[in-house]
Amino acid sequence: MVAEMTSKERVLAMLDKKPVDRVPVITGSTMVKEYIEKSGSVWPDYHSNAEMMVNTVSLMHTDAGLDNIVMPFGMFIESIALGLEVKMGRIDIQPSVRSFFNKPEEVKYDNFLEDKFVKTTIDAIKLSKEKFPDAAITAFLVAPVTLAGDLMGAENLSVLSIKCLQKEKQMQKMHEWIDVALEINKIYAEACVEAGADVLYYSDASASPNLVMPEFYYEVGVPAEKELGDFVHNLGCPWELHICGDTTPIIEGMASTGANGLSVEQAVKMSEVTKIAGEVPVAGNITPLLMVEGTEEQITGAVRDALDGGAKASMLGCGTPPLSTSDRLKTWVKAVADWSAEKL
Amino acid sequence: MDDLPEEVQGIIEELDEAAEDEDEDAIEELTQKLLDTGADVETITLKKLALLVMDGEEEMTQGWTRVAIQIGLDPFKTLIEGLATGMSLIGKKYENGEAFVPQLLIASNAMYGGMDLLAPLMKRDENSGSKPATVVIGTVEGDVHDIGKSLVKTLLSANGFNCVDLGNDVPASRFIEAAKESKATAISMSTLMTTTMAEMPRVLKMLSDEGIRDKVMVMVGGAPITTEYASQIGADVSPHDAASAANWLKAAVFDFPPESVRWG
Ligand code: B12
Ligand SMILES: [Zn+2]
């Protein structure tokens, strides 16, 4: 038996491969409509107002009982700060990047940290660290392949991911994009860690076999993520890596990046990926939609399947859907606690 | 192609290179040389085009499309038996888990590259009987994911359908208007987000309200869309990927009343 831990201790112990008092429950994105309304935040201000952001995202911890507090809400901060066009969505639809650059030279990031959305993330980290010292304060960031995809356009990334395997010239082009992305990643990562983030959670959504060649992931994606991850480790911070879709063919590569934890979605079989990932803790992989319309039975079943499959943290596949209900989130947390009491 | 005489194979290789270099003069000269050997250049060209599209070789596909034009191959035959056949081949592989999305995308670029050259030669005779069936296609409102939608469009075009592409983030009413305007045979809707799935039943309801639900078939798709969901909301089908969507629709139009009967 491990003595009772705080949420932060629990998450950090899991990432450090140490025993925990119960399995941590964590999340990636947290733009939950019910909590936005409950905390009195207003669209679209909560994306650029640190106080509103913290008031809303912290309800995932204080009300639902999750172990981490995650900010910002979506994967558009890097892009908007670089001057790309972003459509702000709705209270229940996340913002989306609508334009891209033609050449890597067009990307200017000298004033990246001055951007109001970047600043909001940084301020929100500081504020939540102050207000909730017992929770694992987590920055939700865009990983290098996905950021490169936002810079050049996702379809171009997909096409280039095969062309660069065939022609050296295309590989050079790919590296130019990835290098710019990595520079930006590092500036943002350093600011987040300095602000006090306990964990950096990186989504590399576009590194998925659903969009790019798995060979490309191994040849370009893994080294890029590793370079960024090593940088983050040198700052003294652990990091998690999420990739969408059926990641079974690339989980070995994900595990080799040095990430302290991997996050996978419901398209994979947990027992299969935990076997391949070996030592590296895997989090997942509850179908997010269950938080919107799942029954208690379904939620509990999905939680237990993932944990029986060897997951070391419970997490929703690709993040928390905006229309999630607080009672379902609580059912999820309870199911994890029950499983832990029984099996740990 | 391996059983061709050595001389012919040699010229084919030279043509590949000229096509890769986009050297139009060399292509013209080599095409003549190929014809002079007496080989069945038409069959060779169609086979070549299918393989090049399948492999996503855009420049070479364009080069060999020039060959097709020079030897006077019927542009429709070039499209259907050459370019589109290649797209279907890679689509089949993708369906079987033997190919990935980037391969579909480069094949699609290659096919369109060839089609651009054929387009000016394909002036349709307005009075000639068989008009291709029209599909109105788009990603629903609130969702900007359109890579899958465009692949569905590519495969439908490759199978002879005329596509009216509304793009992404398409309001429900636009689907209805476009279907009426184009006297569509089918509507194809995509979404990749659970948050925007509910737009699909809205479009179906509008179709019913307008009294035109029975005039069009409705296909829905995208990662979160299941067959159960499709039937639950009253869509006709949700094939699981772009290649099967095209195959399904091709079969389904046979049992569907023709445009003139449906739209009057
Ligand atoms: C590329 C991508 C983007 C690009 C899209 C660029 C573009 N022009 O399309 C960008 C960066 C803009 C983007 C933005 C966002 N995205 Co996004 N994105 C992806 C990603 C990585 C790949 C999607 C893709 O293109 N796949 C390849 C295509 C070919 O597959 P497909 O569309 O499924 O199509 C196939 C089949 O479904 C089928 N099909 C498709 N349509 C139809 C139609 C019919 C009739 C039929 C029969 C078949 C069919 O055929 C296709 C080929 O066989 C996925 C994650 C992943 N790895 O899957 C996330 C993902 C889809 N995005 C997601 C989200 C949440 C977003 C954002 C809200 C924020 C964010 N996280 O970045 C915004 C969207 C805002 C908005 N309002 O739309 C979530 C969706 C979660 C959910 N289930 O609700 C995913 C799953 C990942 C994630 N957690 O971030 N995204
Ligand atoms: Zn994901």
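On a predicted model such as this, the values are computed, not experimentally measured, just so you know.

Asker: Sorry, what's going on with the overall build of chain A here?
Answerer: Scanning chain A from terminus to terminus reveals 15 helices and nine strands. Radius of gyration (C-alpha) of chain A: 19 Å, near the 20 Å computed for a compact globule of 344 residues. Its C-alpha atoms give chain A principal-axis dimensions of roughly 55 × 45 × 35 Å. The burial tally for chain A puts 61% of its 344 residues in the buried class. Accessible area of chain A: about 13,100 Å², with a carbon and sulfur share of 49%. Looking at charge distribution, chain A has the averaged site of its 31 positive side-chain charges lying 2 Å from that of its 50 negative ones.

Asker: How do you make sense of a negative patch on the surface when you look at a structure like this?
Answerer: Residues and elements named next belong to chain B. A contiguous patch of negative charge on the surface is contributed by Glu13, Glu14, Glu17, Glu20, Asp21, Glu22, Asp23, Asp25, Glu28, Glu29 and Glu59. Where the negative patch is concerned, the elements lending two or more residues are α1 (6–20) and α2 (24–36). Per-element accounting of the negative patch gives the leading share, four residues, to α1. Structurally, aspartate 23 can be placed in the loop between α1 and α2. According to the relative accessible area criterion, aspartate 23 is partly exposed, its value standing at 35%.

Asker: Before we go on, may I ask you to explain the sheet that holds strand β8 (residues 282–286) of chain A in this structure?
Answerer: Residues and elements named next belong to chain A. Spatially, seven strands are ordered β1-β4-β5-β6-β7-β8-β9 in an open sheet, and the strand pairing comes out parallel. Each end of this open sheet is capped by a strand with a single partner; those strands are β1 (68–71) and β9 (313–316). Averaged over all pairs of adjacent strands, the angle between their axes in this sheet comes to 30°, without regard to strand direction. The pairing of β8 with β9 spans four bridges and is classified as parallel. By the bridge assignment, isoleucine 286 is partnered in β9 with leucine 316.

Asker: Any chance you could explain the coordination of the cobalt atom of ligand 1 here in plain terms?
Answerer: The expected angle between donors at a tetrahedral four-coordinate metal is 109.5 degrees. At an octahedral six-coordinate metal it is 90 or 180 degrees. For the cobalt atom of ligand 1, the protein supplies a single donor, His145(B) (NE2), at a distance of 2.2 Å. Mapped onto the fold, His145(B) is located in the loop between β1 (134–139) and α7 (147–158).

Asker: How do you make sense of the site of ligand 1 when you look at a structure like this?
Answerer: Around ligand 1, the surrounding shell holds 41 residues, and the nearest of these are Gly142(B), Val144(B), His145(B), Asp146(B) and Ser190(B). Near ligand 1, the surrounding residues are drawn from chains A and B. Secondary structure elements with two or more residues in the shell around ligand 1: β3 (96–97) of chain A together with α7, β3 (186–190), β4 (217–221) and α11 (242–252) of chain B. No other element matches α7(B), which puts four residues into the shell around ligand 1. The residue inventory of the shell around ligand 1, partitioned by class, reads 24 nonpolar, 13 polar and four charged.

Asker: Mind showing me how you'd approach the pairing of strand β6 (residues 239–242) of chain A here?
Answerer: Each regular strand carries side chains that alternate between the two faces of the sheet. Residues and elements named next belong to chain A. Burial of β6 is two-sided: the residues Trp239 and Leu241 facing one way and the residues Glu240 and His242 facing the other way are all buried. Note: strand β5 (residues 199–203) against β6, four bridges, orientation parallel. Each residue of the ladder has a partner; that of serine 203, found in β6, is histidine 242. What joins β5 to β6 is helix α10 (residues 214–234), and the crossover it makes is right-handed. Alignment of β6 against strand β7 (residues 261–263), held across three bridges, turns out to be parallel. Bridged to histidine 242 within β7 is serine 263.

Asker: Before we go on, may I ask you to explain the interface of chain B and chain A in this structure?
Answerer: Where the parts come together, the accessible area they lose is often given as the size of the interface. The interface is formed by 17 residues belonging to chain B together with 21 residues belonging to chain A. For chain B, the biggest contributors to the area lost against chain A are Phe100(B), Pro102(B) and Thr195(B); these three give 29% of the whole. Between Arg98(A) and Asp169(B) there is a salt bridge, with the nearest N and O atoms lying 3.8 Å from each other. Our enumeration of links across chain B and chain A arrives at two residue pairs in polar contact (both at pLDDT 80 or more).

Asker: Teacher, can you tell me more about the coordination of the zinc ion (ligand 2) here?
Answerer: Residue and element names in this part refer to chain A. Each protein donor to the zinc ion (ligand 2) is listed here as His242 (NE2), Cys244 (SG) and Cys318 (SG); together their distances run 2.0 to 2.1 Å. In this structure histidine 242 comes out as buried when scored by relative accessible area, which is 2%. With relative accessibility at 38%, the residue cysteine 318 sits in the partly exposed group.

How each quantity is defined
- Numbering of residues starts from 1 in every chain and runs along the sequence as written.
- Key to labels: chains lettered from A, ligands numbered from 1, both in the order written.
- The model is predicted, so local features are restricted to residues of pLDDT at least 70 and side-chain atom pairs to those at 80 or more, both for listing and for counting; the totals for chains, interfaces and linings are taken over all residues.
- Only heavy atoms go into the side-chain values, all of them from the structure, while hydrogens and water stay out.
- Secondary structure elements are taken from DSSP: a helix is a run of H or I of four residues or more, a strand is a run of E of two residues or more, and numbering for both begins at the N terminus.
- Within these notes, the globule rule equals 2.2 Å times the number of residues to the 0.38 power, and the radius of gyration is based on C-alpha atoms.
- To sort residues, take the accessible area from a 1.4 Å probe on protein chains only and compare it with the maximum for the residue type: under 20% means buried, over 50% means exposed, and anything in between is partly exposed.
- The Shrake-Rupley method, run with a 1.4 Å probe, gives the accessible areas here. Residue values count only the displayed protein chains as cover.
- Note that His is not counted, nor are the chain ends; the positive residues are Lys and Arg, and the negative ones are Asp and Glu.
- Throughout, a charge is located at the NZ atom of Lys, the CZ atom of Arg, the CG atom of Asp or the CD atom of Glu.
- Every patch collects residues that have over 30% relative accessible area and no salt bridge, joining them within 9 Å if they carry like charges and within 5 Å if they are nonpolar side chains (Val, Leu, Ile, Met, Phe, Trp, Tyr).
- Basic side-chain nitrogens of Lys or Arg form a salt bridge, by our definition, when they fall within 4 Å of a carboxyl oxygen of Asp or Glu.
- When DSSP finds two or more bridges between a pair of strands, those strands are recorded as paired.
- Note on method: axes are straight lines fitted to C-alpha atoms, helices fitted across the in-contact stretch only, with angles between N-to-C directions ranging 0 to 180 degrees.
- Donor selection uses N, O and S atoms within 2.8 Å of the metal (3.2 Å for Na, K and Ca). Since no water is included, sites may look incomplete.
- Residues are counted as near a molecule or strand when any one of their heavy atoms sits within 4 Å of it.
- Asp, Glu, Lys and Arg are counted as charged, while Ala, Val, Leu, Ile, Met, Phe, Trp, Tyr, Cys and Pro are counted as nonpolar; the rest, among them Gly, fall into the polar class.
- The definition of a right-handed crossover adopted here requires that, viewed with the strands pointing away, the path from the first strand over the helix to the second runs clockwise.
- Whether two residues touch is decided by their heavy atoms; if any such pair falls within 4.5 Å, the residues are in contact.
- As used here, buried area is the combined drop in accessible area, with a 1.4 Å probe, of two parts when they are placed together.
- Here a polar contact means two N or O atoms within 3.5 Å. Within protein one must be a hydrogen donor candidate and the other an acceptor candidate, and residues neighboring in sequence count only if both atoms are side-chain atoms.

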